[in-house]
Amino acid sequence: MPNQSEQRRRRIRAALRATRGTAPNAPGAGPGTRPGRTGGEPLVSPALRVAAAYSWRLLVVGTVVYGVFSVLGRFHEIAVAVFLGLVVTALLRPTAGLLARRLPRPLAVAVALIGSIVVVLGVLALVGETVAGERTTLEREFGDGITRIERWLEQPPFRVNPEALTDIQSRIGQFLSSHQSTLISTALSGAGRLVEVVTTMALALFCSVFFLHSGDRQWGWFCAQLPRSARDRVSVAGRAAWRTFTGYTRGIVLVAATNAVLVGLALFALGVPLAVPLALLEFFAAFVPLIGSPIALAVAAVVALASKGPVVAAVVVALIVVIGQIEGHLLHPIVMSWAVRLHPLVVALSVVGGAIAAGVIGAVVAVPLVSVLWSAHQALRTAAKTI
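Worth saying up front: this structure is predicted, and the values here are computed from it rather than measured.

A. Examining the overall build of the protein chain more closely. When helices and strands are tallied, the protein chain shows 12 helices and zero strands. Every one of the 387 residues in the protein chain was classed for burial, and the buried ones make up 26%. Within the protein chain, counting contacts between residues at least 6 apart in sequence, those at least 24 apart form 63% of the total. Counting only carbon and sulfur atoms, one obtains 70% of the accessible surface of the protein chain, whose full area is about 25,300 Å².

B. Just the pattern of salt bridges, in detail. In the structure shown here, the tally under the stated rule is one salt bridge. Aspartate 216 serves as the salt-bridge partner of arginine 93, at 2.9 Å between the closest nitrogen and oxygen. Linking arginine 93 in helix α3 (residues 76–100) with aspartate 216 in helix α7 (residues 180–224), this pair joins segments that are 123 residues apart in sequence. Of the residues examined, arginine 93 reaches a relative accessible area of 29% and is grouped as partly exposed.

C. Highlighting the nonpolar core. Membership of the largest hydrophobic core comes to 18 residues, with the highest contact counts inside it found for Leu267, Val272, Leu278, Ala304 and Val316. For this core, the elements supplying multiple residues, two or more each, are α8 (228–270), α9 (275–285), α10 (292–308) and α11 (310–336). For this core, the element with the highest residue contribution is α11, accounting for six residues. In this structure, Ile252, Ala286, Phe287 and Val347 belong to the second largest nonpolar core, which totals 11 residues.

D. Main features of α3. For α3, with 25 residues, the first-to-last C-alpha span of 33 Å sits near the 36 Å given by 1.5 Å per residue. Of all the bends found along α3, the most pronounced is centred on leucine 92 and spans about 50°, while proline 94, a proline, follows it within four residues. If you check which residues of α3 are buried, you get Val80, Ala81, Phe83, Gly85, Val87, Thr89, Ala90, Leu92 and Ala96.

E. Spotlight on the packing of aromatic side chains. According to the stated counting rule, one finds six aromatic pairs in the structure shown. Aromatic pair phenylalanine 206 and phenylalanine 210: ring centres 5.0 Å apart, planes at 65°, arrangement edge-to-face. A residue pair is termed a helical-turn pair when its members lie 3 or 4 positions apart in one helix, as phenylalanine 206 and phenylalanine 210 do in helix α7 at four residues. Between tryptophan 242 and phenylalanine 245 the ring centres are 5.9 Å apart and the planes differ by 25°, which places this aromatic pair in the stacked class. Of the two residues, tryptophan 242 and phenylalanine 245 are both situated in helix α8; the distance of three residues between them amounts to about one turn of the helix. Three or more aromatic residues link up through ring pairs in this structure, and these residues are Phe83, Trp242 and Phe245.

F. Inspection of the confidence of the model for the protein chain at higher detail. With 73% of its residues at a pLDDT of 70 or more, the protein chain shows a mean pLDDT of 78. Within the protein chain, no element has a lower average pLDDT than helix α6 (residues 162–178), which sits at 62, and none a higher one than α3, at 91.

G. Representation of the packing of helix α4 (residues 105–133) against α9. Two elements in contact, α4 and α9, have axes separated by 8 Å at closest approach and are oriented at 140°. Here α4 lies oblique to α9, going by the angle between them. For the pair α4 and α9, contact is made by Val123, Leu124, Val127, Thr130 and Val131 and by Val276, Pro277 and Leu280, respectively. Classifying every residue of the contact of α4 with α9 gives seven nonpolar, one polar and no charged.

H. Main features of the layout of surface pockets. Looking at the second largest pocket, its volume works out to about 1,700 Å³. In terms of lining residues, the second largest pocket is bounded by 40 residues, among which Ala79, Val82, Phe83, Leu86 and Leu369 are the most central. Contributing elements (two or more residues each) for the lining of the second largest pocket: α2 (46–74), α3, α7, α8 and α12 (344–386). When residues of the lining of the second largest pocket are assigned to their parent elements, the largest contribution, 15 residues, is made by α12. For the lining of the second largest pocket, the residue count by class is 27 nonpolar, 10 polar and three charged.

Calculation notes
- Residues numbered from 1 in each chain as written.
- Predicted model: local features only at pLDDT ≥ 70, side-chain atom pairs only at ≥ 80, totals over all residues.
- Heavy atoms only, no water.
- Helix = DSSP H or I, 4+ residues; strand = E, 2+ residues; numbered from the N terminus.
- Buried < 20%, exposed > 50% of the residue type's maximum accessible area, 1.4 Å probe, protein only.
- Contact = heavy atoms within 4.5 Å.
- Areas by Shrake-Rupley, 256 points an atom, 1.4 Å probe, with all protein chains shown as cover.
- Salt bridge = Lys/Arg side-chain N within 4 Å of Asp/Glu carboxyl O.
- Core = buried A, V, L, I, M, F, W, Y, C linked by side-chain atoms within 4.5 Å.
- Expected span 1.5 Å × (residues − 1).
- Bend = angle between axes of the 7 residues up to and from the residue.
- Phe/Tyr/Trp six-rings, centres within 6.5 Å; stacked < 30°, edge-to-face > 60°.
- pLDDT = per-residue confidence, 0-100.
- Axes fitted to C-alpha atoms, helices over the stretch in contact; angles between N-to-C directions.
- Parallel < 35°, antiparallel > 145°, perpendicular 65-115°, else oblique.
- Nonpolar A, V, L, I, M, F, W, Y, C, P; charged D, E, K, R; others polar.
- 1 Å grid on protein atoms, 1.4 Å probe; cavity = no way out; pocket = protein on both sides within 12 Å on 5 of 7 lines; lining within 4 Å.
- Points joined across faces, edges and corners; volume = space filled by probe spheres on them.

If you want it as structure tokens, here you go:
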């Protein structure tokens, strides 16, 4: 026979189960029900509950991101203009700050902008003069190069039929003559695109003027419009994002300039025509990480093949590998590591995703955008730990 204390404990446990609705004969109790719940609620594992909670939050975040990019896609000219204005501001703000020590701020901004425009126009004029001066020589060299390539393909190990090459040339001529109207309409649409580009550049210049002159006051005004509880977090994230963006912009310009100088010197030493334009192409292509520089050097290899033959083209291909190693193992770790802390896989996925979403512009913007978001996230985490 159980003693009185054991009987008392049993009665207490029975009373608690009856109170919670989990007595063996309670209505709704049975297999598959959660203890402590009424109404026969099914048992759900904690892992499934956590996964469901993260899922609906990810859906909300994905919807917001999709909406933002949809709006930017509809007004992509404005988004590109603001981005270019920020790039110009990141590059010229130190110069404008130095000039502002001796000149009034508006005059310092005007001198910095006008000086940079003069430099850019001077480089473009140099490229145009180089192409115009070498036009006759280029036509002759390219004609001789195409003949040389045809003879090379006719020899072992390729042994291409000469009639096949002649047929290809005739087909190209027929295609151009039959699609002349399409080419003309494409050129006209390109002229319309040129107007859009000029408009975007003008808006970017207009934005950069105000960013350089009073960017700090504009950011302070924006933070003041936010709720008081969010001002500090937005200010911390904004400072970290701008620091990363300026570091990335200045670093990528330095990397691109170094690549362009190396390519220009190498092509000039090899006697490849259009060395200056190809170096300029390399400069702009370097703004697309990982894939931009190889594509520009591939164009240089094609020019070398057509003008100097397969041996020089092979040297240019070797140059692709050498400059890629210098950029990946020397320039990026030294110049970019302090500003951008992203794994190469993240960089590659960002470039491809940006190219799929918005073409060349998306490929250029993707890496700095991801870097800025990651930097802001890290700054907020650090600030939360110190509170």
